[in-house]
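# Commentary on secondary and tertiary structure
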Amino acid sequence: MYTVRKVTDDLYYVGGNDHRLELFENIFPIPEGVTYNSYLLKDEKNVLFDTVDWSIVKDYLENISEVLDGEDLDYLVIHHLEPDHAAAIDEIVLRYPDVKVIASEQGFEFMRQYGFHVNEEQSMIVAEGDTISFGKHNFVFLEAPMVHWPEVLVSFDTTDGVLFAADAFGTFGTLDGKLFADEVNFERDWLDSARRYLTNIVGKYGPFVQDVLKKASTVDIKIICPLHGPVWRENLGWFIDKYDKWSRYEPEEEGVMIVYASMYGNTERAAQALASRLCDKGMTNVVVHDVSNTHMSYLIADTFKYSHIVIASVTYNLGIYPVMKNFLMDLEALNVQNRTVAIIENGTWACTVGDKIEEYIDENLKMFDVLPERVTLNSALNKANENDMEALADSIIESMAKIREIKEKSANQ
Ligand code: FEO
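Residues numbered from 1 in each chain as written. Predicted model: local features only at pLDDT ≥ 70, side-chain atom pairs only at ≥ 80, totals over all residues. Heavy atoms only, no water.

### As for the environment of N266
If you trace the backbone, N266 turns up in helix α9 (residues 266-280). Those residues in contact with N266, other than ones at most four positions away along the chain, are N346, L377, S379 and A380. (Helix = DSSP H or I, 4+ residues; strand = E, 2+ residues; numbered from the N terminus. Contact = heavy atoms within 4.5 Å.)

Here it is in structure tokens:
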């Protein structure tokens, strides 16, 4: 059975779903699965856009053969060399020996490094602004370095307004028969996965994503075909706006992520006490995560989502609890910026962790504003902390109002 679907009259989806992979890139848990997208254009020349991960090659080759229906394949465009998309290059070249492979110069360099067998006669290098006509469809190729690797290209079909976006606009999650974002409830069921995918995988390279968005804004895009997740043909502006915010490190929502490190539940209780106070005061857009049992990718995604982060941590070896330190280091590695932070610290005899967290933030994170109000616990939350807890909740809410005011002012200017 084939799992082909039509994107347009002559463009076919020939990729597939992976429900079996537990860790994407052997790091990120994907209980929602993932797709590896590939597209086949039937024009005067038949053109295949990218390949797939090795795990679904058999179905993929059957899909291609079904769509070609005895015709030959003329071109294989490789937008991105990462093996979740490039694994089947040799299989394609072996089955269709007359195929010409189109990629960036660095793409071909990576092909050689990975040991793919594409000879010089089969290779066609394209660079920024190059155009190719495959018949009715005319394409322009654009470089998209660091979205997500340096060799990445995106291409645009100027005839039908289709953007082949490589990893951009992708998401975790399996399609299971659906193809288009308008065939699912994307905001309810997919947005969290899209945010977790983008922020963890390309989060570090926000300025490069911004470059692609700038290039994309100069053409009339009607359809976006990413390498993972659904194809976009409606409401493109809504999703592009999400990408714009994530890549500018602008919080998506006014809200609070409380992340706590707690050994015996006392710091956890303080985190929950703050959550209750915030909700009591009307700020109910609050999530609470245990740093020790929440995969870092979910914490990073929520850091990109919410405007305020509360870090609640025990002191450990006179410093920051190791898992919380990892979280801070990940924020730095992914270049997260422009957040307001509040601190709850705990220590039974030498409570140093609050100062250490603040020091780490000051030295390593850009445009992070640490609120001066801090709650200090000596082992456990007690009556003596009540005023400080109240002040911290008020301070978070006041800072939201201030940020809102500044935004409104700049929007009116
Ligand atoms: Fe989906 Fe960067 O590969």
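### Remarks on the side chain of K242
Positionally, K242 belongs in helix α8 (residues 236-247). Given the relative accessible area of 14%, K242 is considered buried. (Buried < 20%, exposed > 50% of the residue type's maximum accessible area, 1.4 Å probe, protein only.)

### Details of the domain arrangement of the protein chain
Reports of interface size often rely on the accessible area that becomes lost once the parts have come together. Assigned domains of the protein chain: these are domain 1 (5-247) and domain 2 (257-408). Between the C-alpha centres of domain 1 and domain 2 there is a distance of 38 Å. Contact with domain 1, which involves twelve residues of that partner, is made by eleven residues of domain 2. Across the domain 1 to domain 2 interface the summed buried area is about 1,000 Å²; carbon plus sulfur atoms make up 58%. For the pair domain 1 and domain 2, the interface holds zero salt bridges. At the surface where domain 1 touches domain 2, the tally comes to five residue pairs in polar contact (both at pLDDT 80 or more). (Domains from an automatic or database assignment. Buried area = accessible area lost by both parts, 1.4 Å probe. Salt bridge = Lys/Arg side-chain N within 4 Å of Asp/Glu carboxyl O. Polar contact = N/O pair within 3.5 Å; in protein donor to acceptor, adjacent residues only side chain to side chain.)

### Regarding the sheet that holds strand β11 (residues 123-125)
Taken in spatial order, the seven strands make up an open sheet running β1-β2-β7-β8-β9-β10-β11, and their pairing is mixed. Of all strands in the sheet, those with a lone pairing partner are β1 (5-6) and β11, marking the two edges. Alignment of strand β10 (residues 100-103) against β11, held across three bridges, turns out to be parallel. Paired with V101 across the strands is S123, a residue of β11. Here helix α1 (residues 57-68) sits on the sheet and contacts β2 (11-13), β7 (39-42) and β8 (46-49); the angle it forms with β7, its principal contact strand, is near 15 degrees. (Pairing = 2+ DSSP bridges. Axes fitted to C-alpha atoms, helices over the stretch in contact; angles between N-to-C directions.)

### Brief notes about the nonpolar core
V7, I89 and M111 are the most contacted members of the largest nonpolar core, which has 125 residues in total. It is α1 that provides the largest number of residues to this core, a total of six residues. Each of domain 1 (5-247) and domain 2 (257-408) gives at least three residues to this core. Excluding residues within four positions of it along the chain, M111 makes contact with I78, L81, I89, V101, A103, F116 and V118. In this structure, A273, V310, L371 and M389 belong to the second largest nonpolar core, which totals 23 residues. (Core = buried A, V, L, I, M, F, W, Y, C linked by side-chain atoms within 4.5 Å.)

### Some thoughts on a nonpolar patch on the surface
Taken together, the side chains of M263, Y264 and Y316 define a hydrophobic patch exposed on the protein surface, amounting to about 360 Å² of accessible area. Since its relative accessible area comes to 38%, M263 is described here as partly exposed. (Patch = residues over 30% accessible without salt bridge, like charges linked within 9 Å, V, L, I, M, F, W, Y side chains within 5 Å. Areas by Shrake-Rupley, 256 points an atom, 1.4 Å probe, with all protein chains shown as cover.)

### A word on the side chain of D157
Mapped onto the secondary structure, D157 falls in strand β14 (residues 153-157). Of note is the side chain of D157, whose polar atom sits 2.9 Å from the backbone nitrogen of T159. Look past the residues within four positions of D157 in its chain and what remains in contact with it is H137, N138, F139, V162 and F164.

### Description of the pairing of strand β19 (residues 306-316)
Summarising burial for β19: ten of the eleven residues are buried, a large majority. Bridge count between β19 and strand β21 (residues 337-346): seven bridges; the pairing is parallel. Counterpart to S313 in the pairing with β21 is E345. Sheet topology note: the β19/strand β20 (residues 319-320) ladder contains two bridges and is antiparallel. Within β20, the residue paired with T315 across the bridge is I320.

### Some thoughts on the packing of aromatic side chains
Overall, the coordinates contain 25 aromatic pairs when judged by the stated rule. Relative to F134, the ring of Y75 has its centre 5.2 Å away and its plane inclined at 55 degrees; by these criteria the two rings are tilted. In this pair, Y75 is assigned in strand β9 (residues 75-77) and F134 in the loop between β12 (131-133) and β13 (138-143), connecting sequence segments 59 residues apart. Classification of Y75 by relative accessible area gives buried; the value is 16%. The exposure class assigned to F134 is buried, which follows from its relative accessible area of 1%. Relative to Y197, the ring of F172 has its centre 5.3 Å away and its plane inclined at 85 degrees; by these criteria the two rings are edge-to-face. Of this pair, F172 sits in the loop between β15 (162-164) and α5 (186-189) while Y197 sits in helix α6 (residues 191-201), placing them 25 residues apart in sequence. Put simply, the rings of F169, F186, W190, W232, W238, F239, Y243 and W246 pair up and form one aromatic cluster. Looking at R196, its charged tip hangs above the ring of Y298, at a distance of 4.1 Å from the centre. The ring of F180 carries the charged tip of R233 above its face, separated from the ring centre by 3.6 Å. (Phe/Tyr/Trp six-rings, centres within 6.5 Å; stacked < 30°, edge-to-face > 60°. Lys NZ or Arg CZ within 6 Å of the ring centre and 35° of its normal.)

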